[in-house]
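# Descriptive analysis of the structure
Residue strings, one per chain:
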Amino acid sequence: MDALFTWLPVLFLAIIWQSISQQLAKQRIQQQQLTKEIKRIQIHLGMPEVDADEVKLQHQVKHLLQEDQMVEAVKLVRNQLGYSLLEAKQYVDSLHFDSSN
């Protein structure tokens, strides 16, 4: 009986910890989605605020495009920005279009 009372608080804390972890993961995903949407709106309005990491990513993507490695460029964008396949392809296409002009 004493063992039950000893492990009950531990079990209760584990359940609470799991619940909090799930909530934090959901919030992180929502934050990533909002950040992507804000970037899309900024680009649409013609006022992109590009940080140093994104400039580096754009340079890497353009280099891959010059090497005719479209698939690798899309993979890189997906890994770095967490975009879906379609979003990453559109991102790479926009850079490809910009560099060809």
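Report follows, based on the coordinates.

## Digging into the packing of aromatic side chains
Using the criterion set out here, one finds one aromatic pair in the structure. Consider the rings of Tyr83 and Tyr91, whose centres lie 6.0 Å apart with planes at 75 degrees: the pair is edge-to-face.

## Some points on helix H2 (residues 52-66)
Look at H2: 21 Å from first C-alpha to last across 15 residues, which is about the 21 Å you get at 1.5 Å a residue. Within the sequence span of H2, burial applies to Glu54, Leu57, Val61, Leu64 and Leu65. The buried residues of H2 occupy one face: seen down the axis, they fall within an arc of 100 degrees. Summarising the geometry of H2, the exposed residues directed more than 90 degrees from the buried face are Ala52, Lys56, His59 and Gln66. Following H2 by one or two positions, Asp68 has its phi on the positive side, about 60 degrees.

## Thoughts on the packing of H2 against helix H3 (residues 70-81)
Interaxial distance between H2 and H3 falls to 8 Å at its minimum, and their mutual angle equals 165 degrees. Overall, the two elements H2 and H3 adopt an arrangement that is roughly antiparallel. Considering how the two elements wind past one another, H2 and H3 form a crossing that is right-handed. Contact with H2, carried on its side by Leu57, Gln60, Val61, Leu64 and Leu65, involves Met70, Glu72, Ala73, Leu76, Val77, Gln80 and Leu81 of H3 and no other residues of that element. A class-by-class count of the residues in the contact of H2 with H3 yields nine nonpolar, two polar and one charged.

## Notes on the side chain of Glu54
Residue placement: Glu54 occurs in helix H2. The class of Glu54 is buried, set by a relative accessible area of 9%. Polar contacts involving the side chain of Glu54 include one to the side chain of Tyr91, which spans 3.3 Å. Ignoring any residue separated from it by four or fewer positions in sequence, one finds Glu54 in contact with Lys39 and Tyr91.

## Considerations on the pattern of salt bridges
One pass over the structure, following the stated rule, counts six salt bridges. Arg40 serves as the salt-bridge partner of Glu87, at 2.4 Å between the closest nitrogen and oxygen. Remark: Arg40 occurs in helix H1 (residues 2-44) and Glu87 occurs in helix H4 (residues 85-100); sequence separation between them is 47 residues. Classification of Arg40 as partly exposed rests on a relative accessible area of 39%. The residue Asp93 makes a salt bridge to Lys89 at a minimum N-O spacing of 2.8 Å. With Asp93 and Lys89 both in helix H4 and four residues apart, the pair spans about one turn of that helix. Salt bridges sharing partners connect three or more residues here, namely Lys36, Glu37, Arg40 and Glu87.

Here is what the cut-offs are and how they apply
- Residues numbered from 1 in each chain as written.
- Predicted model: local features only at pLDDT ≥ 70, side-chain atom pairs only at ≥ 80, totals over all residues.
- Heavy atoms only, no water.
- Phe/Tyr/Trp six-rings, centres within 6.5 Å; stacked < 30°, edge-to-face > 60°.
- Helix = DSSP H or I, 4+ residues; strand = E, 2+ residues; numbered from the N terminus.
- Expected span 1.5 Å × (residues − 1).
- Buried < 20%, exposed > 50% of the residue type's maximum accessible area, 1.4 Å probe, protein only.
- Arc of directions from axis to C-beta.
- Axes fitted to C-alpha atoms, helices over the stretch in contact; angles between N-to-C directions.
- Parallel < 35°, antiparallel > 145°, perpendicular 65-115°, else oblique.
- Left-handed = near helix turned anticlockwise from the far one by under 90°.
- Contact = heavy atoms within 4.5 Å.
- Nonpolar A, V, L, I, M, F, W, Y, C, P; charged D, E, K, R; others polar.
- Polar contact = N/O pair within 3.5 Å; in protein donor to acceptor, adjacent residues only side chain to side chain.
- Salt bridge = Lys/Arg side-chain N within 4 Å of Asp/Glu carboxyl O.

Worth remembering: the numbers are spatial, not functional.
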